[in-house]
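Observations on the three-dimensional arrangement
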Amino acid sequence: MNCLLEAAIEARVPFSAITLKGAGEGAPLWTGEGVSLVSDHGFPDFTDESKALLTGGPEPVLSFIGGTKHVQLGLLRQMDDPSEPPFDFVLPEAPRLPLESGTEVIPFDGVRQLIRREFKRRLRLIAKVASLAPGRLIQFGPPPPVSDRWLEPFLLKQNVSATALPNRLLRWKLWRVTMALFQEHAVECGARFVDCPPEALDADGFMRDDLVRNVTHGNVEFGRLLLAQVQAQS
Amino acid sequence: MTHPYRHVADYARWDRGVAAVPPEQVDPVAPFPVLLTRQQPVVTAGSCFAQHISRHFKRAGFNFLITEPGHPLLDDGVRATLNYGVFSARFGNIYTSRQLEQLFRRAYGTFDPVDLTWDRQDSRLVDPFRPTIQPGGFHTREELLADRQQHLAAVRRAFEAASVFIFTLGLTECWAARADGAVFPIAPGVAGGTYDPERYAFVNLTADEVVADMTRFIASLRSVNPNVVLILTVSPVPLAATAVDRHVLVSTVYSKAVLRVAAETLASSLPRVHYFPSYEIITAPFSRGQYYSDDLRSVTEAGVQHVMSLFFRHAAGVEAPLAPPPAPAAETPKKSDRLARALEVLCDEELILLADRLPPQTST
């Protein structure tokens with residue numbers, strides 16, 4: 001979300017934002033020129049102030065509710081848990097991508113169920129926001145995976161050997177499953193879904209290196225692309 | 001006056017072994033060699049009645065070997081939906097002796113059937129040899145073939161590691177590809193594929209054919225696992241339908257009679273092959289039909305309990321099977337937790353970075 005907010009601030013586009021981080025009690029984190037940011041994780045429910053923000057006005061509500069569960073699943077090989085052997089799966093939209101040898105192949109329907117389970121609370125939250133802002137919700141998909149170049153230093157920083165990097169194709173496939181799940185859910189909730197801007201992807205479908213902030217986020221340039229996409233569709 | 005029946009055991013006489021015994025205590029098993037310990041790996045396969053056997057083995061604290069349990073990332077409900085753990089490997093129901101014998105050859109690469117995949121009406125695909133194993137079908141041919149390759153590896157592990165292999169013979173009627181004789185568990189067109197009489201033929205196995213199939217299978221199995229013990233049972237579940245133009249009851253009795261004769265022949269002619277009379281326990285008159293549900297096909301839980309309590313008593317010397325062992329204690333924090341936290345930390349860091357980029361704070 002932050003990359004878009006930064007881009008909006010830079011472009012002097014006024015906005016109000018709710019972040020799921022922080023204490024979550026609805027307290028304003030920052031209030032600046034045309035900008036307000038409150039912390040409210042919406043559990044068990046949004047505060048009255050957040051509800052007023054979501055229900056008031058005709059403006060679209062942009063949702064970046066997502067998470068990193070699919071990224072975590074893609075890093076499982078680095079987790080040293082022998083009870084969870086490395087896995088792979090065949091993605092229906094790209095069935096000929098090679099499977100990694102020595103992995104256990106999980107049926108695609110099982111992977112979908114797994115992703116759905118991992119994101120259950122976030123999906124419920126999207127439905128809640130959609131019900132508060134009917135017809136106005138625009139849901140963004142999670143950012144694309146980063147290239148191995150970014151992953152290696154991250155793993156080293158966590159004292160995890162990066163001699164065998166996670167299966168990059170698996171990370172990409174998990175992102176595609178997650179994107180599809182969020183898209184499907186957004187449509188079910190009556191929301192519009194915004195896919196990743198095609199120009200943000202490299203030739204292999206990963207986030208362009210120059211748009212990466214860290215292994216799970218894009219930088220302000222990525223935010224500019226998202227903002228341009230939103231403005232073009234508005 | 002003496003005669004050959006004068007001193008036979010009580011269980012050998014109908015009046016003392018059946019008619020005079022309370023129904024729930026009828027025990028047609030004796031004599032049966034004690035075979036099983038709790039440590040010996042047991043592999044199960046067969047028709048739908050074999051699912052009950054698997055279920056009870058899992059609950060009873062025996063070493064029910066599952067070589068294809070599904071990935072531990074999937075929760076129990078999803079794995080059950082995808083038919084993992086129903087049998088030792090994810091092979092679904094194996095109804096016929098021929099299907100079992102061909103499964104061995106497919107697993108070891110000596111039989112490569114022409115029918116690779118079957119289409120569903122919704123454009124998904126099914127495995128002709130396990131048409132219902134993947135609810136909703138496989139999405140792509142690549143997914144199906146990868147899953148099958150993994151499955152057949154699990155089948156090999158099960159065959160090679162079993163101390164005891166329990167197989168429930170279910171049917172004699174089956175459908176086979178005319179091209180290569182490959183036998184399918186369900187007729188083409190029922191759960192995928194297209195029924196084409198030019199390509200598929202009906203087969204109703206005879207007792208001799210069942211014996212021949214099973215003899216080949218047992219020889220093959222012992223070529224990779226010389227000491228394995230086999231226990232054969234016959235499913236008491238009647239045919240759902242017959243492809244022979246006669247009453248389904250007549251076809252049912254014929255099929256079960258063939259299977260029962262074949263099982264007896266195999267048990268009496270091959271070493272370390274035994275017959276367990278689950279068929280008799282469920283179907284005999286003493287239960288007065290009470291071991292069948294309202295559809296007169298499905299076996300009631302009381303019937304299954306009767307079978308399995310006698311199985312554990314005679315085949316394992318156990319009266320009251322143990323409850324499953326407790327779940328392992330909580331583990332120490334894993335690397336996965338650390339990485340997950342690190343990713344969360346990244347998100348928190350994002351918040352901090354955002355604060356740095358926000359306009360000057362006017363209030364908090």
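What comes next is a walk through the structure. (Residues numbered from 1 in each chain as written. Chains lettered and ligands numbered in written order. Predicted model: local features only at pLDDT ≥ 70, side-chain atom pairs only at ≥ 80, totals over all residues. Heavy atoms only, no water.)

1. Brief notes about the nonpolar core
Nonpolar side chains in soluble globular proteins tend to end up buried together. For the record, the criterion: Here, nonpolar core means buried Ala, Val, Leu, Ile, Met, Phe, Trp, Tyr and Cys residues that are tied together by side-chain atoms lying within 4.5 Å of each other. Buried means the residue's accessible area, taken with a 1.4 Å probe over protein chains only, is under 20% of the maximum for its type, while exposed means over 50%, and partly exposed covers the values in between. Contacts between residues were defined by any pair of non-hydrogen atoms, one from each residue, lying within 4.5 Å.
Counting residues in each nonpolar core, the largest one holds 67 residues, and the members touching the most others are Leu73(A), Phe87(A), Phe89(A), Ile115(A), Leu174(A) and Phe222(A). When near neighbours in sequence (up to four residues on either side) are disregarded, Phe222(A) contacts Cys3(A), Pro143(A), Pro144(A), Cys196(A), Pro197(A), Ala200(A), Met207(A) and Leu211(A). Counting 44 residues, the second-largest nonpolar core is a separate cluster that includes Leu65(B), Leu103(B), Phe104(B) and Leu266(B).

2. Things to note about the environment of Ser223(B)
Residue and element names in this part refer to chain B. For the record, the criterion: Where helices and strands are cited, they refer to DSSP runs of H or I of at least four residues and of E of at least two residues respectively, numbered from the N terminus. In the analysis that follows, any N or O atom pair within 3.5 Å is treated as a polar contact, provided that within protein one partner can donate a hydrogen and the other can accept it, and provided that, for residues neighboring in sequence, both atoms belong to side chains.
Residue position: Ser 223 is located in helix H6 (residues 207-224). Under the relative-accessibility criterion, Ser 223 is labelled exposed at 54%. When the C-alpha atoms of Ser 223 and Glu 160 are compared, they prove to be 9.3 Å apart, with 63 residues separating the residues in sequence. At 2.4 Å, the side chain of Ser 223 forms a polar contact with the backbone oxygen of Ser 220.

3. Describing the pairing of strand S7 (residues 137-140) of chain A
Residue and element names in this part refer to chain A. Selection rule: Here, strands pair whenever DSSP counts at least two bridges between them.
Judged by which residues are buried, S7 turns out to be covered on both faces: Leu 137 and Gln 139 on one side and Ile 138 and Phe 140 on the other are all buried. Relative to strand S8 (residues 192-194), S7 is paired through three bridges, and the arrangement is parallel. Across the sheet, the residue bridging to Ile 138 is Arg 192, located in S8.

4. Notes on unusual backbone geometry
Residues and elements named next belong to chain B. One non-glycine residue, Arg 272, lies in positive phi territory at about 55°. You can see Arg 272 is positioned in the loop between helix H7 (248-269) and strand S9 (273-275). Even without being glycine, Leu 296 reaches a positive phi, approximately 60°. Relative to the elements of secondary structure, Leu 296 occurs in the loop between helix H8 (278-283) and helix H9 (301-316).

5. A look at the sheet that holds strand S4 (residues 164-169) of chain B
In any sheet, the strands associate via hydrogen bonds between backbone groups, in a parallel or an antiparallel arrangement. Residue and element names in this part refer to chain B. As a reminder, the rule being used: All axes are obtained by fitting lines to C-alpha atoms, using only the stretch in contact for helices, and the reported angles, taken between N-to-C directions, cover 0 to 180 degrees.
Strand order in this open sheet of four strands is S1-S4-S8-S9, and the pairing throughout is parallel. Either end of the sheet is taken by a strand with one partner, and the two such strands are strand S1 (42-46) and S9. Each adjacent strand pair in this sheet contributes to an overall mean axis angle of 20°, direction not counted. With five bridges connecting them, S1 and S4 associate as parallel partners. When the sheet's bridge partners are listed, Val 42 is paired in S4 with Val 164.

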